[in-house]
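Below are the chains, spelled out letter by letter.
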Amino acid sequence: MNLKIQVLSLVFSFFYGIVFSLLVNVNYRFLFAKKKIIKIIFTFIFVIDMALIYFLILKFLNDGIIHIYFLFMILLGFYITFPVGSKFRKWRLFKRRK
């Protein structure tokens, strides 16, 4: 794998971590629901979908080669964006309904 593809994959992994963080915050009420069955089903579907999207795009970019530093970039993007994205939960549109 040449350097251009690696840098492109690193940048994609970082931005994917940002998108993942924002989607976790938007779907917070479903991922952390009070009813266990809703929590389990929604978390399972969410994680499978997010992993499938990541691997399909990575397959397109670099033939599906995964390195540990791609995962570190996802974590870095996630942890940088999570405090900013957590403000989404305070919006009325995304609040839990009682």
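Residues numbered from 1 in each chain as written. Predicted model: local features only at pLDDT ≥ 70, side-chain atom pairs only at ≥ 80, totals over all residues. Heavy atoms only, no water.

Undergrad: Teacher, can you tell me more about the overall build of the protein chain here?
TA: Across its full length, the protein chain carries four helices and zero strands. Shown N-terminal to C-terminal, the secondary structure of the protein chain runs as helices and strands in the order α-α-α-α. If one aligns the C-alpha atoms of the protein chain with their principal axes, the spans along those axes are about 55 × 25 × 20 Å. Taking all 98 residues of the protein chain together, 28% fall into the buried category. A separation threshold of at least 6 residues defines the contact pool for the protein chain, and within that pool the share at least 24 residues apart is 72%. As presented, the protein chain carries roughly 7200 Å² of accessible surface, and 75% of it is formed by carbon and sulfur atoms. (Helix = DSSP H or I, 4+ residues; strand = E, 2+ residues; numbered from the N terminus. Buried < 20%, exposed > 50% of the residue type's maximum accessible area, 1.4 Å probe, protein only. Contact = heavy atoms within 4.5 Å. Areas by Shrake-Rupley, 256 points an atom, 1.4 Å probe, with all protein chains shown as cover.)

Undergrad: Help me understand the nonpolar core in this model?
TA: Generally speaking, a soluble globular protein has its nonpolar side chains buried in company with each other. Counting residues in each nonpolar core, the largest one holds 11 residues, listed as Phe12, Tyr16, Val24, Leu31, Phe46, Met50, Tyr54, Leu58, Phe70, Ile74 and Phe78. At the level of elements, α1 (3–26), α3 (36–62) and α4 (68–85) are the ones that each hand at least two residues to this core. Ranked by residues supplied to this core, first place goes to α3 with four residues. Those residues within four positions of Phe46 in sequence are excluded, and the remaining contacts are Phe20, Leu23, Val24, Asn27 and Leu31. (Core = buried A, V, L, I, M, F, W, Y, C linked by side-chain atoms within 4.5 Å.)

Undergrad: For this particular structure, what's the right way to read the packing of aromatic side chains?
TA: The geometry of an aromatic ring pair is captured by two quantities: the separation of the ring centres and the angle between the planes. This structure, assessed with the given rule, holds 12 aromatic pairs. Seen from their ring centres, Phe20 and Phe78 are 5.6 Å apart, and the 45° between their planes marks the pair as tilted. Taken together, the residues Phe20 in helix α1 and Phe78 in helix α4 connect sequence positions 58 residues apart. You can call Phe78 buried: its relative accessible area is 15%. Here the aromatic rings of Tyr28 and Phe32 are separated by 4.6 Å at their centres, their planes lie at 45°, and the arrangement is tilted. For Tyr28, a relative accessible area of 27% gives the class partly exposed. (Phe/Tyr/Trp six-rings, centres within 6.5 Å; stacked < 30°, edge-to-face > 60°.)

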